[in-house]
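The residues making up each chain are set out below.
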Amino acid sequence: MSENLDNAGFETRAIHAGYAPDPTTGAVIPPIYATSTYAQDGVGGLRGGYEYSRSANPTRTALESTLAALEGGAHGFAFASGLAAEDTLIRALCRPGDHVVLPDDAYGGTFRLFDKVATNWGLEHSPAPVTDVDAVRAAIRPGRTTLVWLETPTNPLLSIGDIEALAAVAHDAGALLVVDNTFASSYLQQPLALGADIVVHSTTKYAGGHSDVVGGALVVDDAGLAETIGFHQNSIGGVAGPFDAWLVLRGLKTLALRMERHSDNAERIADFLTDHPAVSQVIYPGLPEHPGHAVASRQMRRYGGMVSFRVKGGEQQALAICAATKVFTLGESLGGVESLIEHPGRMTHASVAGTDLEVPADLVRLSVGIETSEDQLADLDRALATTV
Ligand SMILES: C=C(NCc1c(COP(=O)(O)O)cnc(C)c1O)C(=O)O
């Protein structure tokens, strides 16, 4: 473990926390410990605390330590996917008859986990707009609400929730605040410092940053929470493998650089779309007219790389734009170096059609990559011109 980096800057922690050069070989990057088991020196004689890789693996340990350091938490846990992390969290902290307040705009797979899986064993949920603290408070069921779940910015409508205010609401009701920090990333937003109890990441996204790994993470500060999450991580077993852990760890080292470029490019695209005749609404927290701009400005370092917009002409026009871009690749996911475009209604959020979370059919979501900004703008200009 590197020397104490608590007071070091984000970029320094991203590169040096979680692992110190190997005392034997001097390797500055942790090896990929492609092993399931570890020789013991006599029964229970563990070398370095490792006995079986589901329980702990040195490459995963390096990632989990780095994830915690970057979120300002004491304990990090790495999983096979973001939804694996969420499922483990739910099973660690919720019991039949409990209730969870969910955002009324959230990743479709997260809602599906609660609505189609967790309900099977008695966990109830109700949606509330993350932008309305009073509505979240009203959605809480006294004595039964265990978690208040927040995405900010939300997926895909990029609503902004006030983390500090919602933490107070949750705590007043004896509940915990969970913040899914996937869209912002640890570099742009630090939920634990604002009162959140648990941070969730799909490390598939900005943390890994190169669309080459699927993974998830939980970060907490509280030792008691860490103990129960760690117990359930091992007992359920949805852990990140050593190579996936290594890929996310490598991605994290450039997270700060990438988020700056993602934000630069996204700001230019938001401005470009704002004046475009084919566009009816641009949704980007960095725009002064965004309802959550003031809160985002207070709790985020910058506004991120996700831009959503609605087009004149409805679903068919939105689909036509998604089919017309070249630099923006049509595909699900987000947060990688390449720009992606998608139609949430037909793609990432198809599972919430007909529910409270249904998204507008004329909505297009962009994950703005780190390509040359002028090329991104020219690509969108051409695609939008086909629909005017
Ligand atoms: C794949 C997509 N989202 C995954 C996701 C998840 C799930 O992560 P997975 O690694 O895909 O399991 C959790 N939270 C948020 C905010 C997410 O956006 C997407 O929106 O394209």
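Everything discussed here concerns the structure shown above.
The rules behind each value
- Counting restarts for each chain, with residues numbered from 1 along the sequence as it is written.
- Where local features are concerned, this predicted model is filtered to residues with pLDDT of at least 70; where side-chain atom pairs are given and counted, the filter is 80 or more; whole-chain, interface and lining totals use all residues.
- Just so you know, side-chain values use all the structure's heavy atoms and leave hydrogens and water out.
- A helix here means a DSSP run of H or I that spans at least four residues, while a strand means a run of E at least two residues long, and both kinds are numbered starting from the N terminus.
- With C-alpha atoms as the basis for the radius of gyration, the globule rule is written as 2.2 Å multiplied by the number of residues raised to the power 0.38.
- With a 1.4 Å probe rolled over the protein chains alone, any residue whose accessible area is under 20% of its type maximum counts as buried; one over 50% counts as exposed, and the rest are partly exposed.
- Whether two residues are in contact is decided by their heavy atoms, any of which lying within 4.5 Å being enough.
- Computed with the Shrake-Rupley method and a 1.4 Å probe, the accessible areas treat only the protein chains shown as cover for residues.
- Residues are counted as near a molecule or strand when any one of their heavy atoms sits within 4 Å of it.
- Nitrogen and oxygen atoms within 3.5 Å of one another constitute a polar contact, given that in protein one can donate a hydrogen and the other can accept it, and given that sequence-neighbouring residues count only through two side-chain atoms.
- Amino acids are sorted into nonpolar (Ala, Val, Leu, Ile, Met, Phe, Trp, Tyr, Cys and Pro), charged (Asp, Glu, Lys and Arg) and polar (every other residue, Gly among them).
- A pair of strands is considered paired only if DSSP assigns at least 2 bridges between the two.
- Only the stretch in contact is used when a helix axis is fitted, and all axes are lines through C-alpha atoms; the angle between N-to-C directions ranges over 0 to 180 degrees.
- Only buried Ala, Val, Leu, Ile, Met, Phe, Trp, Tyr and Cys residues count toward a nonpolar core, and they belong to the same one when joined by side-chain atoms within 4.5 Å.
- What a helix should span is 1.5 Å times the count of its residues minus one.
- The arc refers to the directions leading from the helix axis to the C-beta atoms.

(A) Structural view of the overall build of the protein chain. In terms of regular secondary structure, the protein chain is built from twelve helices and twelve strands. For 388 residues, the compact-globule formula gives about 21 Å, and the C-alpha radius of gyration of the protein chain, at 21 Å, lands near that figure. With the principal axes as the frame, the protein chain shows a C-alpha extent of 75 × 50 × 35 Å. Counting across all 388 residues of the protein chain, residues that qualify as buried make up 54%. Relative to all contacts within the protein chain whose residues are 6 or more apart in sequence, the contacts with residues 24 or more apart total 71%. Of the accessible surface of the protein chain, which amounts to about 15,200 Å², a share of 53% is contributed by carbon and sulfur atoms.

(B) Looking closely at the site of the ligand. What surrounds the ligand is a group of 18 residues, the closest being Asn155, Asp180, Thr204, Ser333 and Arg365. Contacts to the ligand include Asn155, whose side-chain N or O atom sits 2.9 Å from an oxygen atom. Coverage of the ligand by the protein chains reaches 93% of its 470 Å² of free accessible surface. With three residues, helix α3 (residues 82-93) is the largest single contributor of residues to the shell around the ligand. Taken together, the residues that form the shell around the ligand break down as four nonpolar, nine polar and five charged.

(C) Structural detail: the sheet that holds strand β11 (residues 340-342). Strand order in the open sheet formed by five strands is β8-β9-β12-β11-β10, with mixed pairing between adjacent strands. The sheet is open, and its two edges are formed by β8 (279-283) and β10 (329-330), each paired on a single side. Strands in contact with helix α9 (residues 255-274) are β8, β9 (306-311) and β12 (363-367); relative to β8, the strand with the most contacts, it is inclined by about 155°.

(D) Representation of the nonpolar core in the model. Core analysis: the largest hydrophobic core is formed by 65 residues, its most contacted members being Leu273, Phe309 and Leu366. With seven residues, α9 is the single largest residue contributor to this core. Among the nonpolar cores identified, the runner-up in size contains 29 residues, and Ala92, Leu93, Leu123 and Val178 belong to it.

(E) Examining helix α7 (residues 223-236) more closely. Spanning 14 residues, α7 covers 20 Å between terminal C-alpha atoms, matching the ideal 20 Å at 1.5 Å per step. Buried within α7 are the following residues: Leu225, Ala226, Ile229, His232 and Gln233. End-on, the buried residues of α7 take up no more than an arc of 135°, which puts them together on one face. Away from the buried face of α7 by more than 90 degrees, exposed residues Ala223, Glu227 and Phe231 are located.

(F) Focus on unusual backbone geometry. The step from Thr152 to Pro153 runs through a cis peptide bond, and the omega angle for that step is -5°. Topologically, Pro153 is positioned in the loop between β4 (145-151) and α6 (163-172). Not every positive phi belongs to a glycine, and Ser211 is a case in point at roughly 50°. Inspection of the secondary structure puts Ser211 in the loop between β6 (198-202) and β7 (216-220). A positive phi angle, near 85°, is found at Ser333, a position not held by glycine. Topologically, Ser333 is positioned in the loop between β10 and β11. Under the relative-accessibility criterion, Ser333 is labelled partly exposed at 25%.

The values reported here are purely geometric and, on their own, carry no functional implication.
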